[in-house]
Amino acid sequence: MSERENVQGHAVQPAPFISEQQRHRLERRSALERITGNGTVSAAVMIVAAIAAVVCANTAAYEPLHEWFLQPVTIGIAGWEFTLTFELFVNDFLMAIFFLLVGLELKYEMTVGALRQPRQAMLPMLAAVGGVIMPAVIYATINRGGALHGWAIPMATDIAFALGVLSLLGKRVPPGIKVFFSTLAIADDLLAIVAIALFYGHAPSLSWLAAAAAVTLGLVMLNRRRHYRLAPYIALGLVLWFCLYQSGIHATLAGVILAFTIPALSDIDAGSLMGWLESILPELDDRFDDEAHILGQHDFTHAVRGAERVMHRVTPPMQRLEHYISTPVNFFILPLFAFVNAQVRLVGVDLGALVVDPVAVGTYLGMLLGKPIGIFGVTFLVVHLGLAELPEGVGWKHIMGIGILGGIGFTMSILIAGLAFTEIPAELLAAKTAILAGSVSAALVGLAYMSIACREKR
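Note that this is a predicted model, so its numbers are computed, not measured. (Residues numbered from 1 in each chain as written. Predicted model: local features only at pLDDT ≥ 70, side-chain atom pairs only at ≥ 80, totals over all residues. Heavy atoms only, no water.)

**Focus on helix α10 (residues 253-261)**
For clarity, the threshold we go by: Remark: exposure states derive from per-residue accessible area (1.4 Å probe, protein chains only) relative to the maximum for the residue type, with buried under 20%, exposed over 50%, and partly exposed in between. Under the DSSP-based scheme used, a helix requires at least four consecutive residues in state H or I and a strand at least two consecutive residues in state E, with every element numbered from the N terminus. Any two residues having at least one pair of non-hydrogen atoms within 4.5 Å are treated as being in contact.
Regarding α10, the residues found buried are Ala254, Gly255, Val256, Leu258, Ala259 and Thr261. Buried-residue contacts for α10 involve α4 (86-111), α7 (175-199), α8 (206-224) and α9 (230-247).

Here it is as C-alpha cells:
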C-alpha cells in the first residue's frame, strides 16, 4: 500500500502546504512522534537517568544534589501558595501525572482494549494476582519479625521497562504474548496503586477525605453532564490532589481518580461527520477568493475556524489528554523520578552486610523468583482447572519468560520503598540496591530466555 493511501486503499492527496520546507517540517514532527511513542526509547532514557543517579550518588556531586532535592518548591494557584521540597514535588506531584497516564491507559483497556471482555482478560489478570502475592510472601518470609512494612516492594512490575525489554525481540514475539503481558502489567499496576493507597499513607484525616470525596463527586457530575472541555477536569484534579495530600492518603491516587472521570466519548457524532464535512465544502468554496490575500478573506477564515473547532472535538477528551502528557511523562517525569530516587550511595557501606540484609534479600528474591513462580503457577492452575485457555500462539515456555520479565520492577518498587522506609535510611538503601540489581537481573535473564523460547514452536 502506498504512503499516500489510507487504510481502505483510497488515494490521499498530500497536505496543501505552500513550500517543501513546511512539508519537511511536518515529516520531521511525525518522525519525532514515532520516536517519543517508542517504549524502548523511553525505557532507555529512564535507564540512563538511573545510571546517572548511581554515578552521581557515589561522587562528590552527591551532597550538592541532596541539598538541591531538599530545596523548597512553591505551587501557586490564583494567589494561593503551597510549598514542599523538590523531592516531594517529584514523588508526590509529578508522579501523580504519571498515575494519571496509567489511569488513562487502564480506562482505555477497560473501554475498548484487552480488559473490555472479562473472560479474555481473566487469565492475565489472575496471573498478575499470583505475581503480586508470591513476591510479597517471599519477602515477608525472609523478613519475618523484621522490616515487614516493605512487603509490597517486590510486587510491582515496571510496565515501561518490561515492555521495552520485550520489544527488543521485535517480530519474534507472537502478538498473543504482547497482549497477555500488557494486560498482566496493567493489572499489576492497578494492584500496586491499591496497595499504595491502602497501606502506605499516613493516618487519614476524615475532614480532608470528605473534601476529596466532594471533589471526586464534582468530577463525576462533570462527566455525567457531558462536559467535554479538559480545563474544568484539570482544575478539579489539582484540588483533589491537594485534598488527598493533606488527608494522609498518597496523593498520586488523585491521578487515577481523575483519569477515570475524563470522558471517553466525543461530543461529535462520528457517524454524521462525513455528511457534515461534505455539506460545508460548497460553502467554503463559495467564500474562497483565490485572487484575494488570505488576511482579507474574513468569511472564509471564519468558516474554516468553525470546522477546526469541530474537528478538534472529534477526538475524545481522554485521548487528547493522553496525547498531551505521554511524552512529558515518559521523557521528563519518569527520568527525573529515576534520577532523584535511584541515588544509591555505596561509599563507606559494608557491601557484605548489604548483600545479606533481609530487606535486600527479600526484595531481590521476591522479584527474581516470586514473580515467575506466582505468574506461572496461577496461570498453570487456572488453565488446568478449565477456567481459561492460553492465548493462541502462547505456550508454557512463553508464560515462564513473561514471569521472569515481570520481575523488572523499577518505578513502582522504588516509590513503595521510599514510602515504606522514609525514616530508615539503611533499609531504604538496601531496598533500592536490591530493586536495581533485581530489575537488571530480571531484564537480562528474561531477554536471554525469551530470545530462545520465541525461536521454538509451542
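Having put the structure on the table, let's press on.
**Digging into the nonpolar core**
What counts is decided by this rule: Take the buried residues of types Ala, Val, Leu, Ile, Met, Phe, Trp, Tyr and Cys, join any two whose side-chain atoms come within 4.5 Å, and each joined set is a nonpolar core.
Membership of the largest hydrophobic core comes to 117 residues, with the highest contact counts inside it found for Trp241, Phe410 and Phe421. Ranked by residues supplied to this core, first place goes to α4 with 14 residues. Discounting chain neighbours no more than four positions away, the residues touching phenylalanine 421 are Tyr139, Ala147, Gly150, Ile153, Val359, Glu427, Leu428 and Ala431. Of all hydrophobic cores here, the second largest spans 5 residues; its members include Ile280, Phe300, Ala303 and Ala307.

**Looking at the packing of α4 against α10**
For the record, the criterion: Lines fitted to C-alpha atoms define the axes here, with helix axes fitted over just the stretch in contact, and angles between the N-to-C directions of these axes take values from 0 to 180 degrees. In a left-handed crossing the near helix is turned counterclockwise from the far helix by less than a right angle, and in a right-handed crossing that turn is clockwise. Note on residue categories: nonpolar means Ala, Val, Leu, Ile, Met, Phe, Trp, Tyr, Cys or Pro, charged means Asp, Glu, Lys or Arg, and polar means any other residue, Gly included.
It is at 7 Å that the axes of α4 and α10 come closest, and there the two elements cross at 40°. Between α4 and α10 the crossing geometry is right-handed. In this structure, α4 contributes Ala96, Phe99, Leu100, Gly103, Leu104, Leu106, Lys107 and Met110 to the contact, and α10 contributes Gly255, Val256, Leu258, Ala259, Phe260 and Thr261. Class assignment for the residues of the contact of α4 with α10 results in 10 nonpolar, 3 polar and 1 charged.

**So, a nonpolar patch on the surface**
Operational definition: Every patch collects residues that have over 30% relative accessible area and no salt bridge, joining them within 9 Å if they carry like charges and within 5 Å if they are nonpolar side chains (Val, Leu, Ile, Met, Phe, Trp, Tyr). Accessibility throughout is a Shrake-Rupley quantity obtained with a 1.4 Å probe, and a residue counts as covered only by protein chains that appear here. Each salt bridge in this description consists of a side-chain nitrogen of Lys or Arg and a carboxyl oxygen of Asp or Glu lying within 4 Å of one another.
Nonpolar side chains collect at one region of the surface, where Leu126, Val129, Ile133 and Val137 lie side by side and expose about 290 Å² of accessible area between them. Structurally, valine 137 can be placed in helix α5 (residues 118-142). Here valine 137 falls in the partly exposed class, since its relative accessible area comes to 41%.

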